[in-house]
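Listed below, chain by chain, are the residues.
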Amino acid sequence: MEAHIVMTVEAGILSLENPVFHTYAVAATIMVLKMMVQPWITVRRMLKVRAGFRSPEDAKKSPINPNPREGQLDANEYVERSRRMNLNDLESIPGFIAAGFFFVLVQPPLLLAQILIWTYVVARAAHFLAYVTAQIHDIRATCWTFSSLAVISMSMYVLVNIV
Amino acid sequence: MEAHIVMTVEAGILSLENPVFHTYAVAATIMVLKMMVQPWITVRRMLKVRAGFRSPEDAKKSPINPNPREGQLDANEYVERSRRMNLNDLESIPGFIAAGFFFVLVQPPLLLAQILIWTYVVARAAHFLAYVTAQIHDIRATCWTFSSLAVISMSMYVLVNIV
Amino acid sequence: MEAHIVMTVEAGILSLENPVFHTYAVAATIMVLKMMVQPWITVRRMLKVRAGFRSPEDAKKSPINPNPREGQLDANEYVERSRRMNLNDLESIPGFIAAGFFFVLVQPPLLLAQILIWTYVVARAAHFLAYVTAQIHDIRATCWTFSSLAVISMSMYVLVNIV
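All values derive from a computational prediction rather than experimental measurement.

Scanning chain A from terminus to terminus reveals 4 helices and 0 strands. Along chain A, from the amino end to the carboxyl end, the secondary structure elements read α-α-α-α. On C-alpha atoms alone, chain A measures out to a radius of gyration of 22 Å, which is more than a quarter above the 15 Å that the 2.2 N^0.38 rule sets for 163 residues. Projected onto its principal axes, the C-alpha coordinates of chain A cover approximately 90 × 45 × 25 Å. Classification of the 163 residues of chain A by burial places 39% in the buried group. Put simply, of all contacts in chain A between residues at least 6 apart along the chain, 69% involve residues at least 24 apart.

Printed below as a string of structure tokens:
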């Protein structure tokens, strides 16, 4: 007598073989990289203009600051722009990553997931370009609105499905 | 001969059928929504007073800003309050969501999880009300303390159980 | 006739029995605690100098502020330093926690995971010490660079493995 036991193990929801999770993981990792790169842009701008420092000790003579001069601690718009962009990332990206995680867990249709997730990524890329090139408020605000609504939609979808 | 194979599959820890995870997922999603809504409050306040803008280009004439005037880039307390509330969210909510995730994984008793998680949510709601209505520091600080201790307790519980 | 059914259940990736996930969970929880403790340092500094408040209502007479005086709402470097450190945490720690989560899921070699994760934690601890004691920019920047590159490396490793 022979016994065959066949077990079909469904790929878990939090598996990269789940296309919804895969989409989310790729997008979230791109956004983490974006969030980690912005401070480097701030650093590059600070070193380029040797200004816009924030801590008193940064105005001291050192290899980073070989020729200290007056006013290096004053706000510098070129540097501040990158800092505002960074703060804007902080207001948005961790929320997207958290919302997306729960969104994946309620198993949305793949197409809906792709639309909301890539809308977010594209809107943030457009927001970056609008901000870094100082486009008028309306353009930047439009990009931001798409990204914000994508995250809010994901979270509302989660609540409707689990409460 | 008959063979009965009975497999009891326990609901996974990261499943919405796990009541601890469900509690966490509902609370975390509510907090993500709170975090995403605060910038909209900032936007609404900026448009209401047509002031408190931060980027030089926002003072240009555009549909959002049809009648530019002096001082639109100056700090405006009505707008700044919402920005401070947003920053306060950023200092707290991502920490809560991360701490809660690991807390769920160490499988705390349901009652403990409910107490810590809902203490956090209620304390943040009270903090929001105290901040937006400019209650004295002591009231806001008390709300903030409860929310902070809830997150610290969850993280300490995790460390004690896994280190 | 005897039947032996032996089932070897591999520990799941997101299980604390997975040493890569365990390493990540310990490090991430420590970093959440660090992120939650910094605001307490700000509070302690504010109460010590009774200055550096940010909201107008905080300058009112209350148990926290029994003797109001002029200038309590002005920026105070002793307090601002802790606020800058907090903002620096926000720019780094949520990114580390999110990057680490996806990093664990692509199942990196344990040694690589330990190196990147503990490099991050040690670099952030060193960054904290350099910042709180106002070391020159170069020292703080070096610590920050190690922590940032650890997170970027984890995210790049993820992208290479899943895209």
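A few words now on the interface of chain A and chain C. Chain A puts 27 residues into the contact, and the matching count from chain C is 26 residues. Put simply, the parts of the chain that give the side of chain A that touches chain C at least two residues each are α1 (19-49) and α2 (77-105) of chain A. Here the side of chain A that touches chain C takes 10 residues from α1 of chain A, the largest share from any one element. A breakdown of the residues in the side of chain A that touches chain C according to their chemical character gives 17 nonpolar, 6 polar and 4 charged.

Turning chain A through 120° and shifting it by 0.0 Å along the axis lays it on chain C, with an RMSD of 0.0 Å. As the rotation angle and translation indicate, the two copies are arranged about a three-fold axis. Closest approach to the rotation axis within chain A is made by the C-alpha atom of Pro94 of chain A, at a distance of 3.9 Å.

Phi angles above zero are rare outside glycine, and Ala134 of chain A is one such case at about 55°. The exposure class of Ala134 of chain A is partly exposed, given the 14 C-beta atoms found within 10 Å. You will see that Arg50 of chain B, though not glycine, has its phi angle at about 45°, which is positive.

Residues and elements named next belong to chain B. The interhelical angle for the contact between helix α2 (residues 77-105) and helix α3 (residues 110-132), taken along N-to-C directions, is 180°, at an axis separation of 12 Å. It follows that α2 is roughly antiparallel to α3 by the angle criterion. Together, Met85, Ser92, Phe96 and Gly100 of α2 and Ile117, Tyr120, Arg124, Phe128, Tyr131 and Val132 of α3 make up the contact between the two elements. Residue composition of the contact of α2 with α3, grouped by class: 7 nonpolar, 2 polar and 1 charged.

So, on to the interface of chain B and chain A. The partner chain A presents 25 residues to the 26 residues of chain B that form the contact. For the side of chain B that touches chain A, the elements supplying multiple residues, two or more each, are α1 (19-49) and α2 of chain B. Ranked by the residues each element gives to the side of chain B that touches chain A, the list is headed by α1 of chain B, at 10 residues. Residues that form the side of chain B that touches chain A fall into these classes: 16 nonpolar, 6 polar and 4 charged.

Our next topic: the relation of the copies chain B and chain A. Take chain B, turn it by 120°, move it 0.0 Å along the axis, and it overlays chain A with an RMSD of 0.0 Å. A share of only 12% of the interface residues of chain B reappears at the interface of chain A, consistent with the copies meeting through non-equivalent patches.

With respect to the element layout, Arg69 of chain A can be found in the loop between α1 and α2. For Arg69 of chain A and Arg50 of chain A, which are 19 residues apart along the polypeptide, the C-alpha to C-alpha distance reads 9.1 Å.

Formed by 108 residues in total, the largest nonpolar core has its most connected members in Ala28 of chain A, Ala28 of chain B together with Ala28 of chain C. Not counting chain neighbours up to four residues away, the residues in contact with Ala28 of chain C comprise Ala98 and Phe102 of chain B together with Ile97 and Gly100 of chain C.

Over its 26 residues, helix α4 (residues 137-162) of chain A extends 37 Å from the first C-alpha to the last, a length consistent with the 38 Å expected when each residue adds 1.5 Å. Along α4 of chain A, the residues classified as buried are His137, Arg140, Ala141, Cys143, Trp144, Ser147, Ser148, Ala150, Val151, Met154, Ser155 and Val158 of chain A. Those residues of α4 of chain A that are buried lie in contact with α2 and α3 (110-132) of chain A together with α1 of chain B.

Before going further, it helps to spend a moment on the confidence of the model for chain A. Residues and elements named next belong to chain A. Averaged over chain A, the pLDDT score is 94; the fraction of residues at 70 or greater is 93%. When the criterion is pLDDT under 50, residues 6-10 qualifies, and its contacts beyond four places in sequence or with other chains add up to 0 contacts. Predicted complex metrics record ipTM = 0.93 and pTM = 0.94.

For α1 of chain A, built from 31 residues, the straight-helix expectation of 45 Å at 1.5 Å per residue is met to within 8% by its first-to-last C-alpha distance of 45 Å. Taken from the residues just after α1 of chain A, Arg50 of chain A is the one with a positive phi, measuring 45°.

Residues and elements named next belong to chain C. With their axes 9 Å apart at the nearest point, helix α1 (residues 19-49) and helix α3 (residues 110-132) run at an angle of 10° to one another. Of the possible angle classes, the one that applies to α1 and α3 is roughly parallel. For the pair α1 and α3, contact is made by Pro19, Val20, Thr23, Tyr24, Ala27, Ile30, Met31 and Lys34 and by Leu110, Ala113, Gln114, Ile117, Trp118, Tyr120, Val121 and Arg124, respectively. Along the lines of polarity and charge, the residues of the contact of α1 with α3 split into 12 nonpolar, 2 polar and 2 charged.

A separate point is the environment of Val158 of chain C. Within the secondary structure layout, Val158 of chain C lies in helix α4 (residues 137-162). Linking Val158 of chain C and Leu105 of chain C, residues 53 residues apart in sequence, is a C-alpha distance of 8.5 Å. Not counting the four nearest positions on each side in its chain, Val158 of chain C is found in contact with Thr29 of chain A together with Phe102, Phe103 and Val106 of chain C.

Residues and elements named next belong to chain A. Tracing the backbone shows Arg124 in helix α3. For the pair Arg124 and Arg140, spaced 16 residues apart in sequence, the C-alpha to C-alpha distance is 9.7 Å. Excluding anything up to four places from it in sequence, Arg124 contacts Met31, Lys34, Ser92 and Ser147.

Cut-off values and rules
Along each chain, residues carry numbers from 1 onward, in the same order as the chain's sequence is written. To read the labels, note that chains go from A and ligands from 1, taken in the order they are written. Thresholds applied to this predicted model are a pLDDT of at least 70 for local features of residues and 80 or more for the giving and counting of side-chain atom pairs; totals over whole chains, interfaces and linings are not thresholded and use all residues. Helix and strand labels come from DSSP, where a helix needs a run of H or I of at least four residues and a strand needs a run of E of at least two; each type is numbered from the N terminus. C-alpha atoms define the radius of gyration in this analysis, and the globule rule sets the expected value at 2.2 Å times the number of residues to the power 0.38. In this scheme every C-beta is placed from the backbone, and a residue whose C-beta has 20 or more other C-beta atoms within 10 Å is buried, one with 12 or fewer is exposed, and one in between is partly exposed. Note on contacts: each residue gets a C-beta atom placed from the backbone, and two residues are in contact if those atoms are within 7 Å. Polarity classes work like this: nonpolar for Ala, Val, Leu, Ile, Met, Phe, Trp, Tyr, Cys and Pro, charged for Asp, Glu, Lys and Arg, and polar for all others, with Gly in that last group. Only residues with pLDDT of at least 70 in both copies contribute their C-alpha atoms to the least-squares superposition of the copies. Axis lines are fitted through C-alpha atoms, for helices just across the contact stretch, and the angle between N-to-C directions can take any value from 0 to 180 degrees. Any angle that is under 35 degrees is reported as roughly parallel, and any over 145 degrees as roughly antiparallel; angles of 65 to 115 degrees are reported as roughly perpendicular and all others as oblique. One nonpolar core equals one set of buried Ala, Val, Leu, Ile, Met, Phe, Trp, Tyr and Cys residues connected by C-beta atoms within 7 Å. The span expected for a helix works out to 1.5 Å for each residue beyond the first. Think of pLDDT as the predictor's per-residue confidence, scored from 0 to 100.

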